[in-house]
Protein chains: 2
Amino acid sequence: MRDSVHTIVIGAGSGGLTVAVGLASLGRPVVLIEARHVGGDCTNVGCIPSKTLIRQAEVRGAHDPGGALAEVRRKRDALRARETAEVGAIGHLSLITGRARLAGAQRVVVALPEGGERTLSARHIVIATGARPRMITIPGLPAARMLTSESIFELPQAPHHLAIIGGGVIGVELAFAMRKLGSQVSIVDRGPRVLARHLPDAAAIVAASLRDRGVGVHVGAGVHSYTEASETLWIERDGQVTPLAEVDYVLVAVGRVRNLEDLGLAAAGVRYSPHGGIVTDRAGRTSASGIYAVGDATTTSAFTHSANAQGRRVVQQIAFPWLPVRAPEPCYPSATFADPEVATAGMDQRQIAARYHPALVRRIRVDLAAQTDRGYTDDMQRGVIIVDAVRLTGVILGVTIVAPRASEMISLFTLAIQQGSSLYALYRVVYPYPTFSSGIQKVADAFLRETLPALRGELVAYLRYRWARPIAPAEHPADGF
Amino acid sequence: MRDSVHTIVIGAGSGGLTVAVGLASLGRPVVLIEARHVGGDCTNVGCIPSKTLIRQAEVRGAHDPGGALAEVRRKRDALRARETAEVGAIGHLSLITGRARLAGAQRVVVALPEGGERTLSARHIVIATGARPRMITIPGLPAARMLTSESIFELPQAPHHLAIIGGGVIGVELAFAMRKLGSQVSIVDRGPRVLARHLPDAAAIVAASLRDRGVGVHVGAGVHSYTEASETLWIERDGQVTPLAEVDYVLVAVGRVRNLEDLGLAAAGVRYSPHGGIVTDRAGRTSASGIYAVGDATTTSAFTHSANAQGRRVVQQIAFPWLPVRAPEPCYPSATFADPEVATAGMDQRQIAARYHPALVRRIRVDLAAQTDRGYTDDMQRGVIIVDAVRLTGVILGVTIVAPRASEMISLFTLAIQQGSSLYALYRVVYPYPTFSSGIQKVADAFLRETLPALRGELVAYLRYRWARPIAPAEHPADGF
């Protein structure tokens, strides 16, 4: 391996692999540096094991939780081995195990696991170091009883009573899965509700579904301490401390921390904030020339699919710098694999409030359980499509779907938003019967029903508020995950 | 009720209800004539009971087939009662029970169930009489053992061994459901494969899934006779007669016949063929002035969602005749609720072959089981997305998806086809990870990988074949369902 290559990629997770494999297959010599496992979070501790667990929990239920967890590890290890072998077989791509840090212009120093260091240089350096679970301390809790979203898959059996600290996406997904595997599950969240980043209506449906399944949902509550003798987790709400009995494991899922320490970012002139991540432009360039960043380490991405999409842009920017990177960043959807699933596309409430006057936005809400025949045939308890659109024009701003396989339904909206399509276009689409997607027809119907009979008023409102200042303060860069 | 109204609708199924309710809610006096039940096939013998059965079979499995069938009837009857009450409560809408026939210009005669006739007149007459199962005779088979897709829901228990004559959409959907409820199931089809109207690749996946579940699939075979004493159904293949043992019920699902007899179509000047149905233009107008047709009775529709879409067009044409009905008919998707589901959008193979030279069409095929991470986490056995697109431009012509909830995934393609979007547009969409929809990304990737490195050749081929005559003969009007 040469010590001077075309591109160095730090981190072999989803984003880093996309860049490294993409450039290598275009014939550019690439060195990929990884401190732990090829595949990063997604393969090793994230999407792959968690979605396999969700599937196994669905299929095996409480009959065989140990088998479900073993199958999760088997599939994860098999995929890791396959990906490692595949990466090793790619021409122009060298994998180095070690911990990297930036060292001056176009140089990277790698601390090798066997000791010693190695210095490499490259024209382009791509930072894809990702993130890790944020940890907290719980007085009295032995380390062996504390789990993260990474270590939970190592359990030989489902816990008797799993307390989950944090009701975000990861906490909620694992709550459903472990409950289906037979564990008693309690969620403890400081905020007023689970899934704080989702619309309250969507979060309420998921919370109701959790409660229907017997998951304890304790919001507005913090964790206080643990008593080993009685296996009691004490939680605190409004100054009152109450017990959760017989808790044998505590999963900490209170957010994630970007892996930015000891990278030498400041010395290399890479602008970042410890809280917000590395700042990049739409082509993935940082403030330091020749240094790029993708994935969880940046301000904008918290998903495998967005890390991949950023990686593709960086490949294009490095390999074909004369080709303009398309103006806006693509519309990143989100998917929460709860039961039912929650998927979103377009702007969230904060972004809409920061850009549009509230009187310009019309919200349409269709109850999938009550208003679709698929909801009737399938005994759906709760489900919803919520669309925020510009009045009169029907241009779609933001969408939330709560339904089984919402993650598959959302892409129609991602395409529509990306193309600037309006609800009039969705009105002309014919949806198969009977599906939950026919709820999209009802969204469009409702918009037309509210708009067409009052065209004059809608036009006046549109003209009046089109350029009106929003009431909400201008948005700050995303705080990340 | 007046004997002279604005519009008479014959048939209270999906298409007829859409027209009747639509016009009545716009204040036009409507008489709706129905010989049997409000809701038509969809509510009473079609989508609603069949999809409820599929769902019940999924949830209850073989533990409680009698309960599943009873629940199907309960939900069907509840919906029928609700719809009947709702129709009865709509202003400007009168429901008459009876059998209608056209009688000269703008006149309809209704044979009433209590005897006698009643003559009504209207400016507009809409025919929405639908279709019914095609019947065949099986020598030796007692009538009590013969089922149709209508009568099967009346069974008190799952059959011991159900033979299904006809491996089309209805036969295949019911085969999966009844197998899950514990019946032994055998499909007998004269053609070379099940799901003859779908792509061979898609049909092969469904056939393999049927066989995996222990459903007997006998293709190239006809039904010969039945011996009551031994409960044997004899089937004939290549001149050989072989037995299917212990068959207690035979479901005939060999297609559907339009309800066009005794309607007085010819005398009224309505052009139709007994095989192809009533000919309409895109606004639903027949060859006779003031007479419209929608739904299964026409040449173009065989689905609830297409009947509804046609109904909307007729409402627009009748209520707002000055508003042009949008040029092309919308893109009608199809959905087959097999396991996995099969969904299609755009042109089928015959239509593509009739309009384009084969050298102009590029087929992309992505194996969802092997090529997506969701296929990996979910242990998917088989699944596929097949897209036919114009070379170079990537304009999408036809799509088939075989996957769980393919019926929800297809609408992205319906929108894309309707808007003339290309695979380049789908390439720029970010799909949530991990989903089967990320296979759509792989379709677009594959198209670009085959196109971009060979742009010159693709351009030459495009220019050469763009206006070339197709090789296949021009298409005939659809034969219907």
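Since the structure is predicted, the reported quantities are computational estimates derived from the model, not experimental observations.

Quick notes on the rules
Residues numbered from 1 in each chain as written. Chains lettered and ligands numbered in written order. Predicted model: local features only at pLDDT ≥ 70, side-chain atom pairs only at ≥ 80, totals over all residues. Heavy atoms only, no water. Helix = DSSP H or I, 4+ residues; strand = E, 2+ residues; numbered from the N terminus. Contact = heavy atoms within 4.5 Å. Least-squares fit on C-alpha atoms with pLDDT ≥ 70 in both. Buried < 20%, exposed > 50% of the residue type's maximum accessible area, 1.4 Å probe, protein only. Pairing = 2+ DSSP bridges. Salt bridge = Lys/Arg side-chain N within 4 Å of Asp/Glu carboxyl O. Core = buried A, V, L, I, M, F, W, Y, C linked by side-chain atoms within 4.5 Å. Axes fitted to C-alpha atoms, helices over the stretch in contact; angles between N-to-C directions. Left-handed = near helix turned anticlockwise from the far one by under 90°. Nonpolar A, V, L, I, M, F, W, Y, C, P; charged D, E, K, R; others polar. Polar contact = N/O pair within 3.5 Å; in protein donor to acceptor, adjacent residues only side chain to side chain. Phe/Tyr/Trp six-rings, centres within 6.5 Å; stacked < 30°, edge-to-face > 60°. Lys NZ or Arg CZ within 6 Å of the ring centre and 35° of its normal.

Re the environment of B:Leu415
Moving on, step 1. For B:Leu415, the location among the structural elements is in helix H11 (residues 406-418).
Moving on, step 2. Not counting the four nearest positions on each side in its chain, B:Leu415 is found in contact with A:Leu412, A:Leu415, A:Ala416, A:Leu426 and A:Val429.

Describing the relation of the copies chain A and chain B
Moving on, step 1. Expressed as a screw operation, the relation of chain A to chain B combines 0.0 Å of axial shift with a rotation of 180°, fitting to an RMSD of 0.0 Å. Taken together, the rotation angle and the small translation identify this as a two-fold axis. Of the C-alpha atoms belonging to chain A, the one lying closest to the rotation axis is found on A:Leu412, 2.1 Å away.
Moving on, step 2. Here 100% of the interface residues in chain A have copies in chain B that are interface residues too; the copies meet face to matching face.

Here's the deal with unusual backbone geometry
Moving on, step 1. Residues B:Asp339 and B:Pro340 are joined by a peptide bond in cis, for which omega reads 5°.
Moving on, step 2. The residue B:Pro340 is located in the loop between strand S20 (334-336) and strand S21 (341-346) in this model.
Moving on, step 3. With an omega of -10°, the peptide bond between B:Tyr433 and B:Pro434 qualifies as cis.
Moving on, step 4. Along the chain, B:Pro434 falls in the loop between helix H12 (423-427) and helix H13 (438-451).
Moving on, step 5. Phi at A:Arg405 takes a positive value of approximately 60°, unusual for a residue other than glycine.
Moving on, step 6. Of note, A:Arg405 is situated in the loop between strand S24 (396-403) and helix H11 (406-409).
Moving on, step 7. Residue class for A:Arg405 comes out buried when judged on its relative accessible area of 17%.

Considerations on the pairing of strand S4 (residues 99-102) of chain A
Residues and elements named next belong to chain A.
Moving on, step 1. On S4, burial follows the alternation: Ala 100 and Leu 102 on one face are buried, whereas Arg 99 and Arg 101 on the facing-out side are not.
Moving on, step 2. Note: S4 against strand S5 (residues 107-111), 4 bridges, orientation antiparallel. Directly across from Leu 102, in S5, lies its bridge partner Val 108.
Moving on, step 3. In this structure, the hairpin formed by S4 and S5 is closed by a connection of 4 residues, where Gly 104 is found at a positive phi of approximately 75°.

With respect to the pattern of salt bridges
Moving on, step 1. Under the defined criterion, the tally for this structure stands at 54 salt bridges over all chains.
Moving on, step 2. With its nearest N and O atoms 3.7 Å apart, the salt bridge here joins A:Arg256 to A:Asp296. Residue A:Arg256 is found in strand S16 (residues 256-258), and its partner A:Asp296 is found in the loop between strand S19 (291-293) and helix H7 (304-319); the two are separated by 40 residues along the sequence.
Moving on, step 3. Classification of A:Arg256 by relative accessible area gives buried; the value is 13%.
Moving on, step 4. The closest approach of N and O atoms between B:Arg132 and B:Glu261, which form a salt bridge, is 2.9 Å. Linking B:Arg132 in strand S7 (residues 131-133) with B:Glu261 in the loop between strand S16 (256-258) and strand S17 (272-273), this pair joins segments that are 129 residues apart in sequence.
Moving on, step 5. For B:Glu261, a relative accessible area of 42% translates into the label partly exposed.
Moving on, step 6. Each member of the salt-bridge network shares a partner with another, and the members are A:Glu58, A:Lys180, A:Arg213 and A:Asp339.

Remarks on the nonpolar core
Across soluble globular proteins, nonpolar side chains show a tendency to be buried alongside one another.
Moving on, step 1. A:Phe413, A:Leu426, B:Phe413 and B:Leu426 are the most contacted members of the largest nonpolar core, which totals 66 residues.
Moving on, step 2. Among the elements that line this core, the one with the most residues is H11(B), at 8 residues.
Moving on, step 3. The contacts of B:Leu426, once residues within four sequence positions are left out, are A:Leu415, B:Ile396, B:Leu412, B:Phe413, B:Ala416, B:Tyr431, B:Ile440 and B:Ala444.

Some details on the packing of helix H3 (residues 47-60) of chain A against helix H5 (residues 169-180) of chain A
Residue and element names in this part refer to chain A.
Moving on, step 1. Where H3 meets H5, the axes come as close as 8 Å, and the angle between the chain directions of the two elements is 35°. In the packing of H3 onto H5, the handedness of the crossing is left-handed. On H5, the residues touching Ser 50, Lys 51, Leu 53, Ile 54, Ala 57 and Glu 58 of H3 are Glu 173, Leu 174, Ala 177, Met 178 and Lys 180.
Moving on, step 2. Broken down by class, the residue content of the contact of H3 with H5 amounts to 6 nonpolar, 1 polar and 4 charged.

Quick look at the side chain of B:Thr148
All names here are of chain B.
Moving on, step 1. The topology assignment puts Thr 148 in the loop between strand S8 (146-147) and strand S9 (161-165).
Moving on, step 2. Since its relative accessible area comes to 13%, Thr 148 is described here as buried.
Moving on, step 3. Beyond its immediate stretch of four places on either side in the chain, Thr 148 contacts Pro 133, Met 135, Leu 251 and Val 252.

Thoughts on the interface of chain A and chain B
Moving on, step 1. Contacts between the two partners involve 57 residues from chain A, matched on the other side by 58 residues from chain B.
Moving on, step 2. Put simply, chain A and chain B have 4 salt bridges between them.
Moving on, step 3. Between B:Asp379 and A:Lys75 there is a salt bridge, with its nearest N and O atoms 2.3 Å apart.
Moving on, step 4. Between chain A and chain B we count 20 residue pairs in polar contact (both at pLDDT 80 or more) in total.

Here we look at the sheet that holds strand S21 (residues 341-346) of chain A
Pairing between the strands of a sheet is mediated by backbone hydrogen bonds and can be parallel or antiparallel.
Residues and elements named next belong to chain A.
Moving on, step 1. Reading across the sheet, the 5 strands line up as S20-S21-S24-S23-S22 and stay open at both edges, with antiparallel pairing between neighbours. Looking along the sheet, the strands with just one partner apiece sit at the ends: strand S20 (334-336) and strand S22 (361-367). Taking the axes of each pair of neighbouring strands and ignoring which way they run, one obtains an average angle of 10° across the sheet.
Moving on, step 2. Two strands pair when backbone bridges link them, and S22 and strand S23 (residues 384-390) are joined in this way by 7 bridges, in the antiparallel orientation.

Some points on the sheet that holds strand S11 (residues 216-219) of chain A
All names here are of chain A.
Moving on, step 1. Strands sit in the order S8-S15-S9-S10-S11 across an open sheet of 5 strands; the sheet is parallel. Edge positions in the open sheet fall to strand S8 (146-147) and S11, since each of these has one partner strand only.
Moving on, step 2. Where strand S10 (residues 184-189) and S11 come together, 4 bridges link them in parallel fashion. Paired with Asp 189 across the two strands is Val 219, which belongs to S11.

Focus on the packing of aromatic side chains
Moving on, step 1. Taken as a whole and assessed by the stated rule, the structure comprises 4 aromatic pairs over all chains.
Moving on, step 2. When the centroid spacing of 5.7 Å and the interplanar angle of 85° are considered together, the rings of A:Tyr424 and A:Phe447 count as edge-to-face. With A:Tyr424 in helix H13 (residues 423-427) and A:Phe447 in helix H14 (residues 438-451), this pair connects stretches of sequence that are 23 residues apart.
Moving on, step 3. Looking at A:Tyr424, the relative accessible area reads 23%, which means it is partly exposed.
Moving on, step 4. Residue A:Phe447 is classed as buried on the basis of its relative accessible area, which comes to 0%.
Moving on, step 5. One cation-aromatic arrangement involves B:Lys75 over A:Tyr376; the distance from NZ or CZ to the ring centre is 4.6 Å.
Moving on, step 6. Above the face of the A:Tyr376 ring, B:Arg82 is positioned so that its terminal group lies 5.8 Å from the ring centre.

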